[in-house]
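Take a look at the letters that make up each chain.
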Amino acid sequence: AQKTVLITGCSSGIGLALAIKLARDKQKRFKVYATMRNLSKKEKLEKAANNILGKTLEIKQLDVCDEESIKTCVNNIPERRIDILVSNAGMGLIGPIECQTIDEMKTVMDTNFFGLVRLLKEILPDMKKRKSGHIVIISSVMGLQGILFNDVYAASKFAVEGFCESLAIQALQFKLRVSLIEPGPVITEFEKKVYEDGMKMDLSAADEETARMFADVYLKNYNQIFQSLGQSAEEVAEHTVKIILTENPPFRHQTNTLYTPVTTLKYADPNGNLPIDSFYKMVFHHDRIFHASLNFFKLLRWSSRKNIAST
Ligand code: NAD
């Protein structure tokens, strides 16, 4: 039978790419409810969906920060049956905390963390009753490892990861599956918006040294990191489809093999100093090492693309 999939945040990026990939499945195994906060932004998805719109793909309104909108959306799905929930909606925030307001930080936590909690409060009880369901969460490598000037974003993704680790134990009893998808940098609206907000940020509340670190070191290297390591939304969607189709899906899945050496640093040192020292040296003391690593990543990326092309 066709599986029902509900995905949040489908007006752009990974959500849009995943909705299209699943709805275009040749064997028509999925009925996709592609949801978005603001339906006036549905044009891009509608265009990409084209002939499958109203068939294997339907567009619905859902704001993960609004419990009523979640309830209305779920109530409008036949028998409220959601076999696969993909929690994808999210937002970023970069910069020194001295220059961010508590309200801005709360919006990030409310979207990235409480957004998932609200979805599950509505959808999990039905899944438990049916003793079937797959909860897929688009987390991030920043759910495993903090990165300079991403303090609050990393905290929101750590919250997601801790929550899911706890939930996954209970889920076993109900035969539910939980999978965290952990992309590295992905080239989407997200990264553009975060960068633009960073460029516009009023740094007057920060001391000179911090402002310099952010503007002259972090922002200057930001685009290079995305260029050399960044995946496309389609690549992340492909990984997610594979996890959805796997019989016994893993709890964690990193989508970017070029990034894995970085996350591995965390597990190589139980004291936790190795990744912190490495990031520090890379960014501040050995600018040349940093650029050499970026070039190395570019080379790896180029050769892996060549290998894929030749197979
Ligand atoms: P994106 O900005 O294209 O997509 C995020 C979507 O979430 C947008 O369509 C946005 O409108 C939506 N959204 C925001 N607040 C919402 C709300 N309250 N209710 C419903 N929808 C809301 O960026 P993306 O890169 O496709 O991001 C998707 C997910 O991937 C996010 O959870 C993000 O944290 C994660 N991620 C992104 C990157 C990256 O580098 N781009 C890396 C790792 C993880």
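This text gives an overview of the structure that appears in the document.

What counts and how
Residues numbered from 1 in each chain as written. Predicted model: local features only at pLDDT ≥ 70, side-chain atom pairs only at ≥ 80, totals over all residues. Heavy atoms only, no water. Helix = DSSP H or I, 4+ residues; strand = E, 2+ residues; numbered from the N terminus. Buried < 20%, exposed > 50% of the residue type's maximum accessible area, 1.4 Å probe, protein only. Pairing = 2+ DSSP bridges. Right-handed = clockwise from strand over helix to strand, strands pointing away. Expected span 1.5 Å × (residues − 1). Polar contact = N/O pair within 3.5 Å; in protein donor to acceptor, adjacent residues only side chain to side chain. Near = heavy atom within 4 Å. Nonpolar A, V, L, I, M, F, W, Y, C, P; charged D, E, K, R; others polar.

Focus on unusual backbone geometry
One non-glycine residue, Asn 50, lies in the positive phi region at around 50°. The topology assignment puts Asn 50 in the loop between helix 2 (43–49) and strand 3 (57–61). We note that Lys 175 has phi near 60°; this positive angle belongs to a residue other than glycine. By the secondary structure assignment, Lys 175 is in the loop between helix 5 (151–173) and strand 6 (177–182). Overall, the relative accessible area of 58% leaves Lys 175 in the exposed class.

Details of the pairing of strand 6
With 5 of 6 residues buried, strand 6 is to be regarded as a mostly interior element. As paired strands, strand 5 (residues 134–138) and strand 6 are joined by 5 bridges and run parallel to one another. Looking across to strand 6, one finds that Ile 138 is bridged to Ile 181. Once you follow strand 5 into helix 5 and on to strand 6, the crossover reads as right-handed.

So, helix 7 (residues 208–229)
Its 22 residues place the ends of helix 7 30 Å apart at the C-alpha level, agreeing with the 32 Å of an ideal helix rising 1.5 Å per residue. For helix 7, the full list of buried residues reads Thr 210, Ala 211, Met 213, Phe 214, Val 217, Tyr 218, Leu 219, Asn 221, Tyr 222, Phe 226, Ser 228 and Leu 229. Residue Asp 207 occupies the N-cap position of helix 7, its side-chain oxygen lying 3.1 Å from the main-chain nitrogen of Glu 209.

Section: the site of the ligand
Near the ligand you find 27 residues, and of these Ser 12, Ile 14, Asn 88, Tyr 153 and Thr 188 are the closest. In the model, an oxygen atom of the ligand is placed 2.8 Å from a nitrogen or oxygen of the Ile 14 main chain. In the model, an oxygen atom of the ligand is placed 2.7 Å from a nitrogen or oxygen of the Thr 188 side chain. Elements with a contribution of two residues or more to the shell around the ligand: helix 1 (13–23), helix 5 and helix 6 (189–200). In terms of residue class, the shell around the ligand is made up of 12 nonpolar, 11 polar and 4 charged.

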